[in-house]
Amino acid sequence: MPVISSSACAKLILLGEHAVVYGEPALAIPFSGLRVRCVVEPWINGPAGTMHIRARELQLNQPLQALPEDNFLRKAVELVLAELGVFQTPTCKLAIYSDIPISAGLGASAAIAVATMRALSAFLGHPLEKETLNRLAFETEKLMHGNPSGIDNTVIVYEQPILFRKGEPIEFVYPSINLHFLIADSGIKKATAESVAYLAQQRERDPQSVEAAIAEIGKISLLGKKAFEQGDLIALGEAMDADQALLAQLDLSCEALDELIIAARQAGALGAKLTGGGKGGNMLALVTPETQEAVRKALLSAGAVRVYQTDLKEVQDHD
Ligand code: PMV
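Sequence positions are assigned chain by chain, starting from 1 and proceeding in written order. In view of the model being predicted, local features appear only for residues whose pLDDT reaches at least 70, and side-chain atom pairs are presented and counted only at 80 or more, with totals across whole chains, interfaces and linings using the full set of residues. Hydrogens and waters are ignored; side-chain quantities use all the structure's heavy atoms.

1. Focus on the site of the ligand
Right, on to step 1. Neighbouring residues of the ligand: 18 residues in total, closest Lys11, His18, Ser149, Thr192 and Gly277.
Right, on to step 2. Pairs of N or O atoms within 3.5 Å make up the polar contacts considered here, provided that, within protein, one atom can donate a hydrogen while the other can accept it, and that residues adjacent in sequence are counted only when both atoms are side-chain atoms. The backbone of His18 places a nitrogen or oxygen atom 2.9 Å from an oxygen atom of the ligand.
Right, on to step 3. Thr192 has a polar side-chain atom sitting 2.6 Å from an oxygen atom of the ligand.
Right, on to step 4. The way it works is that DSSP assigns letters per residue, a run of H or I at least four long becomes a helix, a run of E at least two long becomes a strand, and they are numbered from the N terminus. Among the elements of the structure, strand E1 (4-15), helix H4 (151-158) and helix H5 (192-205) are those that each provide at least two residues to the shell around the ligand.
Right, on to step 5. Residues of the shell around the ligand, tallied by class, amount to seven nonpolar, eight polar and three charged.
Right, on to step 6. Two domains each donate at least three residues to the shell around the ligand, and these are domain 1 (4-164) and domain 2 (175-312). In these notes, residues near a molecule or strand are those with any non-hydrogen atom within 4 Å of it. For this classification, Asp, Glu, Lys and Arg are treated as charged, while Ala, Val, Leu, Ile, Met, Phe, Trp, Tyr, Cys and Pro are nonpolar and the rest, including Gly, are polar. Marked domain ranges trace back to an automatic or database domain assignment.

2. Considerations on the pattern of salt bridges
Right, on to step 1. A pairing counts as a salt bridge when a side-chain nitrogen of Lys or Arg comes within 4 Å of a carboxyl oxygen of Asp or Glu. In the structure shown here, the tally under the stated rule is 17 salt bridges.
Right, on to step 2. For Glu168, the salt bridge is made with Arg165, and the minimal N-O distance between the two is 3.8 Å.
Right, on to step 3. Only protein chains enter the area calculation, which uses a 1.4 Å probe; residues under 20% of their type maximum are buried, those over 50% are exposed, and those in between are partly exposed. Among the residues examined, Arg165 registers a relative accessible area of 27% and is labelled partly exposed.
Right, on to step 4. Connected through shared salt-bridge partners, Glu171, Lys225 and Glu229 make up one network.

3. Some thoughts on the domain arrangement of the protein
Right, on to step 1. The domain architecture assigned to the protein consists of domain 1 (4-164) and domain 2 (175-312).
Right, on to step 2. A straight line from the C-alpha centre of domain 1 to that of domain 2 covers 25 Å.
Right, on to step 3. At the interface, 27 residues of domain 1 touch 43 residues of domain 2.
Right, on to step 4. Contact between domain 1 and domain 2 buries roughly 2800 Å² in total, counting both sides, with carbon and sulfur atoms accounting for 70%.
Right, on to step 5. The three residues of domain 1 that bury the most area against domain 2 are Leu15, His18 and Tyr22, which together make up 24% of that side's buried surface.
Right, on to step 6. Linking domain 1 with domain 2 are one salt bridge.
Right, on to step 7. Here Lys273 ties to Glu17 by a salt bridge, and the two come within 2.8 Å at their closest N and O atoms.
Right, on to step 8. Applying the counting criterion to the domain 1 and domain 2 interface returns 11 residue pairs in polar contact (both at pLDDT 80 or more).
Right, on to step 9. Residue assignment for the side of domain 1 that touches domain 2 shows that the elements contributing at least two residues are E1, strand E2 (26-42) and helix H3 (130-145).
Right, on to step 10. If you tally residues by element for the side of domain 1 that touches domain 2, the top one is E2, at five residues.
Right, on to step 11. Residues belonging to the side of domain 1 that touches domain 2 are distributed by class as follows: 19 nonpolar, six polar and two charged. By the convention used here, residues are in contact when the closest approach between their heavy atoms is within 4.5 Å. Two parts placed together each lose some accessible area under a 1.4 Å probe, and the buried area is that loss summed for both.

4. What to know about the sheet that holds strand E9 (residues 271-275)
Right, on to step 1. If you trace the four strands from one edge of the open sheet to the other, you get E9-E10-E8-E11, paired in antiparallel fashion. Lying at the two open borders of the sheet, with one neighbouring strand each, are E9 and strand E11 (306-312). Each strand axis lies, on average, 25° off the axis of its neighbour in the sheet, ignoring direction.
Right, on to step 2. DSSP calls a pair of strands paired once it identifies at least 2 bridges connecting them. Pairing of strand E8 (residues 179-185) with strand E10 (residues 282-287), which is carried by six bridges, proceeds in the antiparallel orientation. Bridging across to E10, Ala184 finds its partner in Met283.
Right, on to step 3. Note on geometry: axes are C-alpha line fits, over the in-contact stretch for helices, and angles between N-to-C directions span 0 to 180 degrees. Relative to the sheet, helix H9 (residues 292-301) contacts E8, E10 and E11, its axis offset from that of E8 by approximately 10°.

5. Side note on the side chain of Thr291
Right, on to step 1. Along the chain, Thr291 turns up in the loop between E10 and H9.
Right, on to step 2. When its relative accessible area of 19% is taken as the criterion, Thr291 is described as buried.
Right, on to step 3. The contact partners of Thr291, leaving out residues within four places of it in the chain, are Ala267 and Gly268.

Here's what the structure looks like:
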């Protein structure tokens, strides 16, 4: 069997995180420059039926069978084997190399699952179709997040901007001008499951105002989608700011994120907001080539641990 290497990208939620868990639309884009790679190779003379897993970022270096049954990586492997009707674990080594920070709102868990499933299915001679991959990756997300919307696995599998709404067909969206973003890490780790559970509690305590905010976020996502397609940077930035105000009202931001967001806006960003689970993790700023350097400096001065950059190219012709 050959050595197989596959990868998956990180993701950014441009608009609509959290509300998407409650059925509202959300806009997500791939972050193709930040990736996870998975390499699967035969384990010559390894114990038959044993897969060795190595993932430095997850502190794993052990046989698959030694992982807890509810471990998402073990689940990813088992789902692929079941889907392909393979009853004996292949004797192989599976290594994961991730540049995506964990618990930081960038979709690391979904990207690790997708890269693993891509590499393993190709190693077994049957690379999974995107639709199947997406369905299986959603199962692993349930283990990680409890109640995921499915947006992370979907945007990562298709690696294209999407408007996502739970239970509805995926809608691909295309920017009509080049878009430039900076992403800044607050350095605070926060598991998405915790912030999702926190909002669920808030909603039980005060259904009326929480549901109103969620519905409002959904409307902003649709306005933002239109701006994204029309290349209206001002309207897109305004949608990001309006979304952030609602996320902050729902207590999903935090001081460190707020400081980064304010610094980005003051330095010329057209819009800035948290991205992903919130209460830590990363923020996202819409910039232009002219403002990019000033915003980057401002983010670093305001305490960003790391600043990334990603661009989306305009798409003129599409189906
Ligand atoms: O924190 P992340 O990267 O896992 O983003 C999750 C997005 C949420 O809307 C908060 C949860 C979900 O499942 O959609």
